[in-house]
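Reading the structure
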Amino acid sequence: MPRARSQQVSLSNTPYYHCISRCVRRAFLCGEDVVTGKSFEHRRGWIEARLLYLSQIFSIDICSYAVMSNHLHLVLHVDEKHEVLRRWHSLHKGTLFIQQFARGEAMPAYAIELVERSAAIYRERLSDISWFMRELNEPFARQANFEDECTGRFWEGRFKSQALLDEASVLACMTYVDLNPIRANIAATPEMSEFTSIKKRVEAAEKGKQPTTLYPFVGNERADTKADKLNGISFKLTDYLQLVDLTGRIVRHDKRGAIDLSLSPILQRLGIDSENWMEIATKFESHTHGVVGQTQSMERYKNSQPRARPNKRGCRLLA
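Residues numbered from 1 in each chain as written. Predicted model: local features only at pLDDT ≥ 70, side-chain atom pairs only at ≥ 80, totals over all residues. Heavy atoms only, no water.

**A few points about the nonpolar core**
Selection rule: Grouping buried Ala, Val, Leu, Ile, Met, Phe, Trp, Tyr and Cys residues that are joined through side-chain atoms within 4.5 Å yields what is termed a nonpolar core. Categorising residues by exposure relies on relative accessible area from a 1.4 Å probe, with only protein chains included: less than 20% of the type maximum marks a residue as buried, more than 50% marks it as exposed, and the intermediate range marks it as partly exposed. Under the scheme used here, helices are H or I runs from DSSP no shorter than 4 residues and strands are E runs no shorter than 2 residues, and both carry numbers assigned from the N terminus. Throughout, a residue-residue contact means that at least one pair of heavy atoms, one from each residue, lies within 4.5 Å.
Grouped together as the largest cluster of nonpolar side chains are 43 residues, with contacts concentrated most on Phe58, Leu74, Ile129 and Phe132. The set of elements that each furnish at least two residues to this core consists of β1 (16-22), α2 (42-55), β2 (60-67), β3 (71-78), α5 (109-125), α6 (129-148) and α14 (295-304). Per element, the largest residue contribution to this core is eight residues, and it comes from α6. Apart from residues lying up to four places away in sequence, phenylalanine 132 is in contact with Leu51, Leu54, Ser55, Phe58, Ile60, Leu74 and Leu76. In this structure, Leu164, Met174, Ala187 and Leu241 belong to the second largest nonpolar core, which totals 28 residues.

Below you can see the structure in the form of structure tokens.
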């Protein structure tokens, strides 16, 4: 039986989540239908543009993404920001009172109270993965159905969500997502993987920058004071790009032994055996479900979530 979304998302345990949406019937998110010969490649641009747009409105950061032919992978980081009314109005008009408040008009006390209540609701929604996925998937489904001249469900029910409890599980999942086009033989290299986060990171890195629409890597940066907390993934961008590239080459050419020494320094910092890394980074979905993390992270999660189902296979691979 599917677990309630409230039981799957626990921000007190982790802000990182792997989300997957799949199409129903033989619907195409994008790609080319080999039966009819019809191309849906233009839809990749639709969903990538919508995804990056929502990342600027919601209090949710995008760590990685890959738009595939009949499904979408995301690794998300929930961050509680607060510019509520302006952000929400980028998606919806809001009530008459909220519109008056936004224009700076004079309002009675009871109307201001209603606006404050609405702002509290919007603040919660803007940090809610379910609302993020709803704002991503519903408009796209309507647009795709209109183009296909049909009605009915486009997505395969609700999206799948996995909690990523620690750095090891986050990086393993991000690598898996970024290598999806290579694994599916629709791209030769990470930098040639259209409509993926890895392509955007590579393009920005060539200019000495990081994409403003993606959650940054901050492993090679330092906070000004001990009290400061850098907002990003605690890993070097150069190391991550190398990790993805080397993992991808091993998957395609089966040369694990030849470059295993190149992988080891990075994986040693994560405390993961290189053999296990290859197993989980190339087959993340088949080895993991629900909650993913190293053994110690899983134990902490189980203590705070008694009904959680531990993923023993994933734990052993990330140990």
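**Here's the deal with the packing of aromatic side chains**
What describes a pair of aromatic rings is the distance from one ring centre to the other and the angle between the planes of the rings. Counted only if it meets this: Aromatic pairs are defined between Phe, Tyr and Trp rings, using the six-membered ring for Trp, whenever the two ring centres lie within 6.5 Å; interplanar angles under 30 degrees are classed as stacked, those over 60 as edge-to-face, and all others as tilted. By the criterion adopted, a ring carries a charge over it if an Arg CZ or a Lys NZ lies within 6 Å of its centre and within 35 degrees of its normal.
All told, the structure shown has seven aromatic pairs when counted by the stated rule. Judged by centre distance (5.4 Å) and plane angle (85 degrees), the rings of phenylalanine 58 and phenylalanine 132 are edge-to-face. Pair noted here: phenylalanine 58 is in the loop between α2 and β2 and phenylalanine 132 is in helix α6, with a separation of 74 residues, a long-range link. For the pair shown, phenylalanine 58 and phenylalanine 132 are each scored as buried. For the pair phenylalanine 140 and phenylalanine 154, a centre-to-centre distance of 5.7 Å together with 65 degrees between the ring planes defines the contact as edge-to-face. Highlighted residues: phenylalanine 140 in helix α6 and phenylalanine 154 in the loop between α6 and β4 (160-164), separated in sequence by 14 residues. In terms of burial, phenylalanine 140 and phenylalanine 154 fall into one category: buried. Taken together, the ring pairs connect Trp46, Phe140, Phe154 and Trp155 into an aromatic cluster. The ring of tryptophan 131 carries arginine 134 above its face, with NZ or CZ at 4.3 Å from the centroid.

**Section: the packing of α2 against α6**
Describing two packed helices takes the angle between their axes plus the distance from one axis to the other. Note the threshold: Axis lines are fitted through C-alpha atoms, for helices just across the contact stretch, and the angle between N-to-C directions can take any value from 0 to 180 degrees. The cut-offs work like this: below 35 degrees is roughly parallel, past 145 is roughly antiparallel, 65 to 115 is roughly perpendicular, and the gaps in between are oblique. Whether a crossing is left-handed or right-handed is set by the direction in which the near helix is turned from the far one by less than a right angle, anticlockwise for left-handed and clockwise for right-handed. Residues are grouped as follows: Ala, Val, Leu, Ile, Met, Phe, Trp, Tyr, Cys and Pro are nonpolar; Asp, Glu, Lys and Arg are charged; every other residue, Gly included, is polar.
One way to put it is that α2 packs onto α6 with a least axis distance of 10 Å and a crossing angle of 155 degrees. Relative to α6, the element α2 lies roughly antiparallel. As for how α2 packs across α6, the hand of that crossing is right-handed. Seen from α2, the contacting residues are His42, Arg43, Trp46, Ile47, Arg50, Leu51, Leu54 and Ser55; seen from α6, they are Phe132, Glu135, Leu136, Pro139, Phe140, Gln143, Ala144, Glu147 and Asp148. For the contact of α2 with α6, the residue count by class is nine nonpolar, three polar and five charged.

**Section: the pairing of β1**
Within a regular beta strand, the side chains point alternately toward one face of the sheet and then the other, so they alternate between its two faces. Spelled out, the test is: Strands were regarded as paired on the criterion that DSSP finds at least two bridges between them.
Across the seven residues of β1, six count as buried, placing the element largely inside the fold. Here seven bridges tie β1 to β3, and the two strands are oriented antiparallel to one another. The residue bridging tyrosine 16 from the neighbouring strand is histidine 77, located in β3. Note that β1 and β4 share five bridges and pair antiparallel. Within β4, the position partnered with tyrosine 17 by the bridge is alanine 163.

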